[in-house]
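# Observations on the model geometry
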Amino acid sequence: MLYIYGGQGIFGLDVKDFVGMSDFKEGDKIRFATVYGDEILFVSASMKGEGLYDLYFSVNKEQYDKNDKENADYNNKVADGEKPGNSYVSQSVGDKGYNYYIDGIKKRVASSVVSAIENSSQANYANAVYMDNLNKRLGEARYANGIDGLWARARHDNIDKDNGFESKNTMYEIGLDRVFNLASGTNRVGIAIDYMEGDIDFANGQGDVERKGFWLYDNWVSDKGHYMDYVLKYGHLNNTFDTDPSRDRGVVSGDYSNNVISLSAEYGFKKAFLENYFFEPQIQMQYSKVSKADYTTSQGTNVTLDAIDSLIARAGMRLGFNIGKTFEAYVKSDIYREFLGDQDVYAQDKTGVFSQTYENDGTWYDAGLGLSATLGKNAYVFTDVEKLFGNDNDNSYQFNVGFKLNF
C-alpha cells in the first residue's frame, strides 16, 4: 500500500509482480493506494517486461469511507511489516481521502518473448525437416563404377521467411560406403555423420541452432541409368535464443533440444539424348518425426512444443550437357509439397497464456544449376546452388560443394 498525505502530481504505477493474477476475474479489485485530496492522481498501472505480455490495467478510485470495515484490513499492522494503522489513516485523510485500486486488465501486448518463442520454434521445424537428395550428396559419382569410397560435403543454407526469421546454417557431412556389384547395376550401402551450426535472426532477438546427426543409406543404380535411394537419418538439435534488451526488460533467454528421425525414398532416371545432353526426372518422399520439447525461459515462462509429423514430396528434374569426358553442367528445378507439418506451441506464465498452431503445409519451388568434374578415374568434385520460391520464402537459397574418393 501507498499512503500519500500531501503534495501534488500525476503518477503511474509500475507493477513488478501480481500474486494471484491467474485468479483475478471480472468484478475483483485490488487496492494499492490511499491519498489525501484531489491533487494526487494515479492515472495508469502497468506490468512490463515480466513475461509473455505487457499488461495495462484499469485504474479507478473511490471516496475513502472511515466507517468501511475493509479499511482496517489494509491499514493495520501485518506480519511482514508496519502499516500506519486504521485510526491514523482515517484521521489523516478524513472525508477528503481516496482509495485507488486496479479493477481489470485493459490491454495485453505481446512482448518480444512471444516473438522469440514463435520464431525459434518455426526455425526448429524448418531445420529439422530439411529435405536432402542423392544428387546433392554424391553428384555424378553415384553413376561411377562400383568401387567403395569416401565422400564429404559442405552445405550452406539461408532460410529467410517473410515477416519471420532468417536462419543461416552451415552443415558438414562425411560418409563411407561399400559397393556391391549386381548383374544389372550396383548397390551402395553406407553410413554418414553430420554436424550443423547456424544463427537465427528475428524481430527483437536472435538465436543459435546446432545439429548432430547419423545416417544409414542404401543406393541402387542400374546399368541403364535408373536409381533408387533410401536414407534413414537421426538428428539431435539444440536451440537457444535471446531477446534484445529494451527499456523495460533485460535479455530473456531460452534453450531446448529435440530429436528428429526421417526416412526418405527417391527414384530417378538419367536419359541421354542428342550427343552430349541428358535429362533426369526425379521423385522423392520423406517422412520426419520431430520430438516434443519442454523448457522454461530465464524469465519463468513455461513452454511446450508438441511433436511434429512431416510428410514432404518432391518432383524435379535436371537438364544438362557433358563437356568432354570430365565435366558436366546442368540446370535443375523442383516442386515440393508438405502434406502435414502442424506445429502446436503453448506457453504460460504469470502474465497470461500463449497458444498457437502453425500449419506448415504448403507448396514451394526451387531453381538452380550445378557442375560436376571427374579428377582421374577415382575422384569426383561437384557443386550446385539453388534458390527457393513460394510458401513465404523470401531470400532463401542453398549452396553445396562436395567430393567423392573411390578406393
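Residues numbered from 1 in each chain as written. Predicted model: local features only at pLDDT ≥ 70, side-chain atom pairs only at ≥ 80, totals over all residues. Heavy atoms only, no water.

### Some remarks on the overall build of the protein chain
Put simply, the rule is: Counting from the N terminus, the helices are DSSP H or I runs at least four residues long and the strands are E runs at least two residues long. Here the radius of gyration uses the C-alpha set of atoms, whereas the globule reference equals 2.2 Å times the residue count to the power 0.38. Here the term buried applies to any residue with accessible area under 20% of the maximum for its type, exposed to any over 50%, and partly exposed to those in between, with areas from a 1.4 Å probe on protein chains only. By the convention used here, residues are in contact when the closest approach between their heavy atoms is within 4.5 Å. Here, Shrake-Rupley sampling with a 1.4 Å probe gives the accessible areas, and only protein chains in the shown set may cover a residue. Positive charges are assigned to Lys and Arg, negative charges to Asp and Glu, while His and the chain termini are left out of the count. Every charge is mapped onto a representative atom, which is NZ of Lys, CZ of Arg, CG of Asp or CD of Glu.
For the protein chain, the helix and strand inventory stands at 4 helices and 23 strands. On C-alpha atoms alone, the protein chain measures out to a radius of gyration of 31 Å, which is more than a quarter above the 22 Å that the 2.2 N^0.38 rule sets for 407 residues. Summarising its shape, the C-alpha atoms of the protein chain cover approximately 105 × 35 × 30 Å along the three principal directions. Here the protein chain, with 407 residues, has 47% of them falling under the buried criterion. The contacts of the protein chain with a sequence gap of at least 6 include a subset with a gap of at least 24, amounting to 67%. Entry remark: accessible area of the protein chain is about 19,600 Å², with carbon and sulfur atoms responsible for 54%. In the protein chain, the 42 positive side-chain charges and the 60 negative ones have mean positions that sit 3 Å from each other.

### Regarding helix α2 (residues 86-93)
Applied cut-off: Arc, as used here, means the arc of the directions from the helix axis to the C-beta atoms.
Those residues of α2 that fall on the buried side of the exposure criterion are Asn86, Val89, Ser90 and Val93. The arc enclosing the buried residues of α2, seen along the axis, measures out at 95 degrees, which places them on a common side. Structural note: α2 exposes Ser87 and Gln91 on the side pointing more than 90 degrees away from its buried face. Lining the buried residues of α2 we find β1 (2-4), β3 (30-36), α1 (70-75) and β6 (97-110).

### Things to note about a negative patch on the surface
For clarity, the cut-off: What goes into a patch is any residue over 30% in relative accessible area without a salt bridge, connected to like charges within 9 Å or, for nonpolar side chains (Val, Leu, Ile, Met, Phe, Trp, Tyr), within 5 Å. When a carboxyl oxygen of Asp or Glu is within 4 Å of a side-chain nitrogen of Lys or Arg, the pair counts as a salt bridge.
Among the surface-exposed residues, Glu197, Asp199, Asp201, Asp208, Asp242 and Asp244 lie close enough to one another that they form a single negatively charged patch. With 3 residues, the top contributor of residues to the negative patch is strand β9 (residues 185-202). Along the chain, the position of aspartate 201 falls in strand β9. The class of aspartate 201 is partly exposed, set by a relative accessible area of 39%.

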